[in-house]
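# Working through the structure, step by step
Spelled out, the chains give:
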Amino acid sequence: MVGKITGSDAKLRDEYVVHSAHLDHLGVGAPVRGDSIYNGAHDNATGVASVLEIAGIYSRLKQKPHRSILLVLQTGEELGLLGSAYFAARPTVPSTSLVANVNTDMPTLIAPLLSVVPLGAQHSTLAGPVAQAAAYLKLTVEDDPEPEQNRFIRSDQYSFVAQGIPALHLKYGNRTPDGRNNLSEQVKQWRALTYHKPQDDMNGTFDFEAGRTYVQLNFLVGYLVAQNPERPRWNPGDYFGRQFGGQQ
Ligand SMILES: [Zn+2]
């Protein structure tokens, strides 16, 4: 599913910032504790709801951003990023006109959002708008605590990277309200009990205030990219830029 907000600048409106989320989950499968329906409430209904809210903000803006915006809900992520790979390779607009992807995959809205890990932003100029948006919302930006998990290349943003398009995916950082800053421990427990299980349903924990902040953050990052006269670039000598972005 693709939605479009047309940009306000006569030239830049032919370029697009893509906000995306996957709407598939695992369907009906092996029962866990007597339940076989894999609802996917966090993974990734929260991401889809975020993109819908982001679309709502853009559509309510009286003055649209300079660049145009695409809101893309793709399928087949759980099968291996199939929908995003198809879209990134054969977009509904000229492929050279996609300037950046801001992907939303299971923000894990189970606690207050106080800090973020912008997966992939360190590879390109997208780190700039992330820092700006995070500062505006008083969020701390942290390094990836688990680089060995390779999360940057494990969700739909990577399909855009493989087409040479700078991309990122904003995850939670570790900050907690009590100052212990050990959120990853809570997330680890949640993952063990809920992630990719039928128990990822609406009976689980949802921090809707965090959801609001998450939407504002993703919107602001996309908006800042859409406003900047310069297109996002891979950092000089970056691995992904050399591999896919036509850099030396
Ligand atoms: Zn998943």
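Here the structure is a predicted model, which is why all the values come from computation and not from measurement.

## Details of the overall build of the protein
Across its full length, the protein holds seven helices and nine strands. Taken over C-alpha atoms, the radius of gyration comes to 18 Å for the protein, in line with the 18 Å a tight globule of 248 residues would show. Split into buried and exposed, the 248 residues of the protein put 42% on the buried side. Residue pairs at least 24 apart in sequence account for 81% of intrachain contacts in the protein once pairs closer than 6 positions are excluded.

## A word on the environment of Gln157
One can find Gln157 in helix α4 (residues 157-161). Residue classification places Gln157 among the buried positions, given that 30 C-beta atoms sit within 10 Å. For the pair Gln157 and Ala100, spaced 57 residues apart in sequence, the C-alpha separation works out to 9.5 Å. Each residue touching Gln157, except ones within four places of it in the same chain, is listed here: Asn101, Asn103, Gly120, Ala167, Leu168 and His169.

## A short note on the pairing of strand β9 (residues 167-172)
The buried count for β9 comes to six of six residues, which makes it a mostly enclosed element. By the bridge criterion, three bridges tie strand β6 (residues 98-103) to β9 in an arrangement that is parallel. When the bridges of β9 are listed, Val102 appears paired with Leu168. One ladder, built from four bridges, connects strand β7 (residues 115-119) with β9; its direction is antiparallel. The partner of Val116 across the bridge, within β9, is Tyr172.

## Description of helix α6 (residues 208-227)
Across its 20 residues, α6 extends 28 Å between first and last C-alpha, which sits within 8% of the 28 Å expected from 1.5 Å per residue. Within α6, the full set of buried residues consists of Thr213, Tyr214, Val215, Leu217, Asn218, Phe219, Leu220, Val221, Gly222, Tyr223, Val225 and Ala226.

## Structural notes on the nonpolar core
The biggest cluster of nonpolar side chains holds 52 residues, and the ones touching the most others in it are Val17, Val18, Ile69, Ala100, Leu168 and Leu217. Top element by residues in this core is α6. It accounts for nine residues. Once you skip the residues sitting within four places of it in the chain, Leu217 turns out to touch Val116, Ala133, Ala134, Leu137, Leu139 and Leu170.

## What to know about the packing of helix α1 (residues 41-60) against α6
Where α1 meets α6, the axes come as close as 9 Å, and the angle between the chain directions of the two elements is 60°. Taken together, the axes of α1 and α6 lie oblique to each other. Judged by the sense of rotation from one axis to the other, the crossing of α1 with α6 is right-handed. Where α1 abuts α6, its residues Thr46, Ser50, Glu53, Ile54 and Ile57 lie against Gly211, Tyr214, Val215, Asn218 and Phe219.

## Focus: unusual backbone geometry
Here Asp43 and Asn44 are connected by a cis peptide whose omega angle stands at 15°. Secondary-structure assignment places Asn44 in helix α1. Phi at Asn181 is positive, roughly 50°, even though this residue is not glycine. In this fold, Asn181 is placed in the loop between β9 and α5 (183-193).

## A closer look at the sheet that holds β6
A sheet is described by the order of its strands in space; here seven strands give the open sequence β1-β5-β2-β6-β9-β7-β8, paired in mixed fashion. A single partner strand is all that each edge strand has here, and the edge strands are β1 (2-5) and β8 (140-141).

## Comments concerning the packing of helix α3 (residues 127-136) against α6
Following both chains from N to C, one finds α3 and α6 inclined at 135°, their axes separated by 9 Å at the closest point. As the angle between them shows, α3 and α6 are arranged oblique. Where α3 crosses over α6, the handedness of that crossing is right-handed. Contacts between α3 and α6 pair Pro129, Val130, Gln132, Ala133, Ala134 and Tyr136 from the former with Leu217, Leu220, Val221, Leu224 and Val225 from the latter.

## A look at the pairing of strand β2 (residues 16-22)
Burial analysis of β2 places seven of its seven residues in the buried class, the great majority of the element. Note that β2 and strand β5 (residues 68-74) share seven bridges and pair parallel. Opposite Ser20, over in β5, you have Val72 as the bridge partner. Sheet topology places β2 next to β6; five bridges connect them, and they run parallel. Bridging across to β6, Ser20 finds its partner in Asn103.

Parameters and conventions
- Residues numbered from 1 in each chain as written.
- Predicted model: local features only at pLDDT ≥ 70, side-chain atom pairs only at ≥ 80, totals over all residues.
- Helix = DSSP H or I, 4+ residues; strand = E, 2+ residues; numbered from the N terminus.
- Rg over C-alpha atoms; globule rule 2.2 N^0.38 Å.
- Buried ≥ 20, exposed ≤ 12 C-beta atoms within 10 Å, placed from the backbone.
- Contact = placed C-beta atoms within 7 Å.
- Pairing = 2+ DSSP bridges.
- Expected span 1.5 Å × (residues − 1).
- Core = buried A, V, L, I, M, F, W, Y, C linked by C-beta atoms within 7 Å.
- Axes fitted to C-alpha atoms, helices over the stretch in contact; angles between N-to-C directions.
- Parallel < 35°, antiparallel > 145°, perpendicular 65-115°, else oblique.
- Left-handed = near helix turned anticlockwise from the far one by under 90°.

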